[in-house]
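So you can see what is in the structure, the chains are spelled out below.
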Amino acid sequence: MSPHSQPDGHEPHWRRNLIVCLFGSFTTLVAMTLMLPFLPLYVQQLGVEGQASIARWSGVAYGATFLSAGLVAPLWGHMGDRYGRKLMLVRASLGMAVTMALMGCATTIWQLVGLRLIAGLAGGYSSGATIMVAAQAPRNRSAWALGLLASGVMAGNLAGPLIGGILPPLIGIRMTFLGAGCLIFVAFLATVLLVRETPRRSTTGARSRAGWADIPDKSLVLTTLGTGVLLMVATMSIEPIITLYIRTLITDPARVTFTAGLVMSAAALGSIVSASPLGRLADRAGHGTVITGALAVAGILLVPQAFVTAGWQLIGLRFLMGLSLGGLLPCLSALIRHNVPDHSVGSVMGYAISAQYGGQVVGPLICGFVAGQMGMRAVFLGTSVLLLLGAVCNWRVLRLSPPPP
């Protein structure tokens, strides 16, 4: 048992908190991603004209939330360490509920972009939930709990666009935003009424200021942060070219977007299926074992993706790749939980989340450059090399670390 642990090793209400965090993360992600199918239409309604301008402003509006959220994630993690993690969930759910509803009242594109920036600054429920679960779950079950939470997050990402494609024709775009705000408000109420957190004992000034110097294994934490970036780069470097790649495999233009949607959903579905089981395996066999193995398998699976000749082959390979990568984020979060003092978990997890957001930004940039210079197959092969190098690096640093006692 770590000297930084509580006497019983975990928060006594961790199971109930996990259920609320799972529900809240799912609903907030549904609300945040349901705008994807109709965002260009809404941008056009706000006065933007021309196909290129609509596409550009849609990208700016959607990416604004990730940019601002990545910048403030360490701050909210630090605040959670000092003032309580439930307070951060309450803040995020209420802030997201208000800003989401206000998006439906926007009259100019600048108002929409500004509200998306505010949503990133004020929000971050799923990030806060990850920090809470990582800090509260028993150490020997943390990867399983984080895997379950990750499944809820990915399920929300999967269900959101589907719901967003159904609601606007029925109730209109502006009412869809209002409905999304109401959905997040339900998560806010559940968080306020059901989440329990043991009162935090006061800390001395030196202890509250402890940070990087207080971490015993800095190389392991740095490797964990780097692997989070690598995972997001690997994921986001492929998705922007999926539709273009499918177009080279399918002769019927009417089937291109449908097949591309299946390819993207296959990877997400695979991750949903495997996140919790791989987390449970990591709790028993060691987080380093699962992280190294997942990176190696995913890297190998990327090679045949560069040479497929039919859409169904790519769908199957992406599903298998989703299965292999599903446990990575839970295992990375669990490693931080096990190797960082309790009073610094939120701060370090905040940096990890910021690093992942950075990967989401860098990934598409790398993809565009490589695809433009060397072709689309080079994106798959280059990403494969990155994942295999990541597997080697993790094996050397983590040494297939055994599970904590």
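Since the model is a prediction, treat every value here as computed from it, not as a measurement.

A few words now on a nonpolar patch on the surface. On the surface, Leu94, Val98, Leu102, Phe185, Leu189, Val192, Leu193 and Leu194 cluster together into a nonpolar patch covering about 640 Å² of accessible area. If you list the elements that add at least two residues to the nonpolar patch, you get helix H4 (85–103) and helix H8 (173–194). With five residues, the top contributor of residues to the nonpolar patch is H8. Among the secondary structure elements, Val98 is positioned in helix H4.

This next bit is on the side chain of Ser384. Turning to its location among the elements, Ser384 is positioned in helix H17 (residues 376–398). With a relative accessible area of 2%, Ser384 lands in the buried category. Among all residues touching Ser384, those that are not within four sequence positions of it are Gly299, Leu302 and Val303.

Bringing helix H15 (residues 328–339) into the picture now. Here H15 spans 17 Å end to end across 12 residues, near enough to the 16 Å set by a 1.5 Å rise per residue. Of all 12 residues that make up H15, 10 are buried, and the element is covered over most of its length. Here H15 has its buried residues at Leu328, Pro330, Cys331, Leu332, Ser333, Ala334, Leu335, Ile336, Arg337 and His338.

This brings us to the packing of helix H6 (residues 125–136) against helix H7 (residues 142–171). Axis separation between H6 and H7 bottoms out at 9 Å; the angle between their running directions is 165°. Put simply, H6 runs roughly antiparallel to H7. When the axes of H6 and H7 are compared, the crossing they make is right-handed. On H7, the residues that touch Ser126, Ala129, Thr130, Val133 and Ala134 of H6 are Ala145, Leu146, Leu149 and Val153.

Counting 106 residues, the largest nonpolar core has Leu112 and Ile246 as its most contacted members. Among the elements that line this core, the one with the most residues is helix H16 (residues 345–374), at nine residues. Setting aside residues up to four positions removed in sequence, Leu112 forms contacts with Leu39, Tyr42, Val43, Leu46, Ala61, Met103 and Ala106.

Moving on, we come to the packing of aromatic side chains. Between two aromatic rings, the relevant description is the distance of the centres plus the angle of the planes. Using the criterion set out here, one finds four aromatic pairs in the structure. A ring pair is formed by Phe185 and Phe188, whose centres lie 5.3 Å apart and whose planes are at 35°; its orientation type is tilted. With Phe185 and Phe188 both in helix H8 and three residues apart, this pair spans about one turn of that helix. Phe185 gets classed as partly exposed once you look at its relative accessible area, which sits at 36%. Residue Phe188 is classed as buried on the basis of its relative accessible area of 13%.

Locating Ser25 in the fold gives a position in helix H1 (residues 14–33). Within the structure, the side chain of Ser25 is placed 2.8 Å from the backbone oxygen of Cys21, a separation counted as a polar contact.

Time to look at the environment of Ala31. Mapping Ala31 onto the fold places it in helix H1. Spatially, the C-alpha atom of Ala31 lies 8.7 Å from that of Gly164, the residues being 133 residues apart in sequence. Ignoring any residue separated from it by four or fewer positions in sequence, one finds Ala31 in contact with Met100, Ala180 and Ile184.

Our next topic: the packing of helix H13 (residues 287–305) against H15. Running from N to C, H13 and H15 point in directions that differ by 150°, and their axes come no closer than 10 Å. Taken together, the axis directions place H13 and H15 in an arrangement best described as roughly antiparallel. For H13 against H15, the interelement crossing comes out left-handed. Listed contacts from H15 to His287, Val290, Ile291, Ala294 and Leu295 of H13 are Leu328, Cys331, Leu332, Ala334, Leu335 and His338.

A word on the environment of Leu249. Mapped onto the elements, Leu249 comes out in the loop between helix H11 (242–247) and helix H12 (256–285). Judged by its relative accessible area of 18%, Leu249 is buried. Sequence-wise, Leu249 and Gly311 are 62 residues apart; in three dimensions their C-alpha atoms are separated by 6.4 Å. Once residues lying within four places of it in the same chain are set aside, the contact partners of Leu249 are Val308, Thr309, Ala310 and Gly311.

Looking at the chain as a whole, the pLDDT averages 80, with 88% of positions reaching at least 70. Note that pLDDT drops below 50 for residues 202–210; the model gives that stretch four contacts with residues more than four away or on any other chain.

Let's shift gears to a positive patch on the surface. Taken together, Arg15, Arg141, Arg280 and Arg284 make up a surface patch of like positive charges. Mapped onto the fold, Arg280 is located in helix H12.

Reading the values: the criteria
- Residues numbered from 1 in each chain as written.
- Predicted model: local features only at pLDDT ≥ 70, side-chain atom pairs only at ≥ 80, totals over all residues.
- Heavy atoms only, no water.
- Patch = residues over 30% accessible without salt bridge, like charges linked within 9 Å, V, L, I, M, F, W, Y side chains within 5 Å.
- Areas by Shrake-Rupley, 256 points an atom, 1.4 Å probe, with all protein chains shown as cover.
- Salt bridge = Lys/Arg side-chain N within 4 Å of Asp/Glu carboxyl O.
- Helix = DSSP H or I, 4+ residues; strand = E, 2+ residues; numbered from the N terminus.
- Buried < 20%, exposed > 50% of the residue type's maximum accessible area, 1.4 Å probe, protein only.
- Contact = heavy atoms within 4.5 Å.
- Expected span 1.5 Å × (residues − 1).
- Axes fitted to C-alpha atoms, helices over the stretch in contact; angles between N-to-C directions.
- Parallel < 35°, antiparallel > 145°, perpendicular 65-115°, else oblique.
- Left-handed = near helix turned anticlockwise from the far one by under 90°.
- Core = buried A, V, L, I, M, F, W, Y, C linked by side-chain atoms within 4.5 Å.
- Phe/Tyr/Trp six-rings, centres within 6.5 Å; stacked < 30°, edge-to-face > 60°.
- Polar contact = N/O pair within 3.5 Å; in protein donor to acceptor, adjacent residues only side chain to side chain.
- pLDDT = per-residue confidence, 0-100.
- Lys, Arg positive; Asp, Glu negative; His and termini not counted.
- Charge placed at Lys NZ, Arg CZ, Asp CG, Glu CD.

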